[in-house]
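These are the residues of each chain, in order.
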Amino acid sequence: MKKVFIIAEIGINHNGNLDIAKKLINTAAAAGCDAVKFQKRNPDLCVPEKEKNIKRVTPWGNISYIDYKHKIEFGREEYDEIDRYCYTQGIQWTASPWDLDSVEFLSKYDLPFIKIASASLTDKELLKECVARFPKVIMSTGMSTNKQIADAVKILNRYKDLYSKKERFGLLHCNSSYPAPLEDLNLSTIKTLAKKYPDYDIGYSGHELTLGTTVASVLLGASIIERHVTIDRNMWGTDQSCSVTPWGLFKLVSGIRELEKAYGDGKIKVTKKEKEVLAKLRKV
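A quick note: this is a predicted structure, and the numbers were derived from the prediction, not measured.

Student: Hey, could you run me through the pattern of salt bridges in this one?
Tutor: Opposite charge on two side chains permits them to pair, given that their charged atoms come into close proximity. For the coordinates displayed, the defined rule picks out 18 salt bridges. Of the charged contacts, one joins Asp 201 and Lys 2 as a salt bridge, the two residues approaching to 3.1 Å between their closest N and O atoms. Note that Asp 201 is positioned in strand E9 (residues 201-206) and Lys 2 in the segment before strand E1 (5-11), a separation of 199 residues in sequence. Given the relative accessible area of 5%, Asp 201 is considered buried. Between Lys 147 and Asp 151 there is a salt bridge, with its nearest N and O atoms 2.8 Å apart. Residue Lys 147 and its partner Asp 151 are both found in helix H8 (residues 146-157); the two are separated by four residues, about one turn of the helix. Here Asp 151 falls in the partly exposed class, since its relative accessible area comes to 24%.

See below:
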């Protein structure tokens, strides 16, 4: 079994606090994750005009939605520190850009890959810019039809001659409900994507409350796993409740690594340890 690449999605669970972001980076590194991921937006571009001035109760008081979105957004100074800090902790980092300004912003860093959120799968201009600027593109497929996924893949495939597709592209099955009901996960879609796109790394981005389903996705062929992580599910924020706690992240990563070790090659054989038992117990 190929070693699973595990991404801890910090997203906006830091609530604009760099110290919280560092704690989550520490947790992901200690748990054995391969990368942490953030989300990058230019709120002036991403927030619809009709929603910008709607008042919202936040930890910073009753403020407009656009002001709230700016409060939780990291800028150059914070990302420079994240870049430095992840290096010292021995873990990779990346982000999901939600607009072209953010693609430009993130392209200034030496990121190992860029992650396209499910919401951006149909944003053709954003896809084109990401695949042109970053060494690898991983895309979630939540809320998407067969045709929408195929159209996005078609855009990626225009660049297939630059590198092998296996090195450049990944698709993550995803249900974009927060949290996602177990009966809606449809994990068998991982096999469907693997059959339909054999040249792509196929994975799973989970928003369910359980851990076992995410581990099980590896048995179905997921070679990339992404889960949101939080300090505390009771923290303020839209993504906290469907995120895994530090203890949960340790348990999830250990479960995946144990499965990798136990998977084997499927050949029926008597192991070395079994032979020792065989000599004692089998008489005939």
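Student: I tried to follow the packing of helix H1 (residues 18-31) against helix H12 (residues 246-263) on my own but got confused; where do I start?
Tutor: Any two packed helices are characterised by the angle at which their axes cross and by the distance between the axes. The geometry of H1 relative to H12 is characterised by a closest axis approach of 9 Å and an angle of 25° between their N-to-C directions. By the angle between their directions, the pair H1 and H12 is classed as roughly parallel. Crossing angle aside, the handedness with which H1 passes H12 is right-handed. From H1, Thr 27, Ala 28, Ala 30 and Ala 31 reach across to H12, where they touch Pro 246, Leu 249, Phe 250 and Val 253. Counted by class, the contact of H1 with H12 contains seven nonpolar, one polar and no charged residues.

What counts as what
- Residues numbered from 1 in each chain as written.
- Predicted model: local features only at pLDDT ≥ 70, side-chain atom pairs only at ≥ 80, totals over all residues.
- Heavy atoms only, no water.
- Salt bridge = Lys/Arg side-chain N within 4 Å of Asp/Glu carboxyl O.
- Helix = DSSP H or I, 4+ residues; strand = E, 2+ residues; numbered from the N terminus.
- Buried < 20%, exposed > 50% of the residue type's maximum accessible area, 1.4 Å probe, protein only.
- Axes fitted to C-alpha atoms, helices over the stretch in contact; angles between N-to-C directions.
- Parallel < 35°, antiparallel > 145°, perpendicular 65-115°, else oblique.
- Left-handed = near helix turned anticlockwise from the far one by under 90°.
- Contact = heavy atoms within 4.5 Å.
- Nonpolar A, V, L, I, M, F, W, Y, C, P; charged D, E, K, R; others polar.

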